[in-house]
Amino acid sequence: DARVTQTPRHKVTEMGQEVTMRCQPILGHNTVFWYRQTMMQGLELLAYFRNRAPLDDSGMPKDRFSAEMPDATLATLKIQPSEPRDSAVYFCASGQGHQPQHFGDGTRLSIL
Amino acid sequence: SQQGEEDPQALSIQEGENATMNCSYKTSINNLQWYRQNSGRGLVHLILIRSNEREKHSGRLRVTLDTSKKSSSLLITASRAADTASYFCATAPGDKAGTALIFGKGTTLSVSS
């Protein structure tokens, strides 16, 4: 079964450090989404790309978050500098057209 | 911002019983989807119902959609311990394909044997 792969699965770091999360979408999917999940806010969209072009990043704090797709097989989400309030599980999902989204297992991020 | 709101927030039942979860949303939609999330894992798609459909079945799952009330329900029949998970409804607004989903906060289902 094709799947979305996210790395790392877990990340613990100190505030102020740069954090990079990576996602390998399913081959052939042209849309990639980044979501953040917390107990308080639930699942929130951060950004998404279609054919590697950013379509919407309004959910991201622009001063510290950045999302890119260097190529069709890799999406990255960076936080610099990180803050304790960024602690959450970050999910990548990919999809094609009206088809359902396929989610990775997430990166559990803890900022101390 | 949350589009869908699930009800109840938590549900505990015995194996073999049916579980019903409800979802309400706010704006017009292209389709509504239900996802399951096991602890520590990503979301898994269960079923999609389009705005012009009223009911859909998949195995032990039955989904209904009432666009006039902006609500949907997910029924899991003959529940099993393996159904223990969080269930989320998600709406796809508008007509464009591949738009971002808006998720509710989920219902946590616990099925005991």
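This report concerns the structure included in the present document. For every chain, the first residue of the written sequence is number 1, and numbering continues from 1 along that sequence. For this description, chains carry letters from A and ligands carry numbers from 1, given in the order in which they are written. Local features are withheld for residues below a pLDDT of 70 in this predicted model, meaning they are given only at 70 or higher, and side-chain atom pairs are given and counted only at 80 or more; totals for whole chains, interfaces and linings count all residues. For the side-chain quantities, the full set of heavy atoms in the structure was used; hydrogens and water were omitted.

Points about the pattern of salt bridges
All names here are of chain A.
No. 1: Note on definitions: salt bridges are taken to be side-chain nitrogens of Lys or Arg within 4 Å of carboxyl oxygens of Asp or Glu. Per the stated rule, a full pass over the model turns up nine salt bridges over all chains.
No. 2: The residue R64 makes a salt bridge to D86 at a minimum N-O spacing of 2.6 Å. One end of the pair, R64, is in the loop between β6 (53-56) and β7 (65-71); the other, D86, is in the loop between β8 (74-79) and β9 (88-95), with 22 residues separating them in the sequence. Here R64 and D86 have matching classes, each one buried. Here a strand is any run of E in DSSP of at least two residues, a helix any run of H or I of at least four, and the numbering for each starts at the N terminus. The buried label applies to any residue whose accessible area, calculated with a 1.4 Å probe on protein chains only, is under 20% of its type's maximum; exposed applies above 50%, and partly exposed to all values in between.

A closer look at the environment of T77(B)
All names here are of chain B.
No. 1: Following the sequence through the fold, T77 ends up in the loop between β8 (71-76) and β9 (85-93).
No. 2: Judged by its relative accessible area of 27%, T77 is partly exposed.
No. 3: Expressed as a C-alpha distance, the spacing of T77 and R62, which sit 15 residues apart in the sequence, is 8.2 Å.
No. 4: Pairs of residues are marked as contacts when any of their non-hydrogen atoms sit within 4.5 Å. Among all residues touching T77, those that are not within four sequence positions of it are E17, N18 and R60.

Focus on the sheet that holds β7(A)
Residues and elements named next belong to chain A.
No. 1: Following DSSP output, two strands are said to pair if at least two bridges run between them. In spatial order, the strands read β1-β3-β8-β7; together these four strands make up an open sheet with antiparallel pairing. In this open sheet, the two strands that pair with only one neighbour each are β1 (5-7) and β7. On average, each strand axis in the sheet is inclined to that of its neighbour by 20°, with strand direction left out of account. Interaxial angle, 0 to 180 degrees, is taken between N-to-C directions of lines fitted to C-alpha atoms, where a helix line uses only the stretch in contact.

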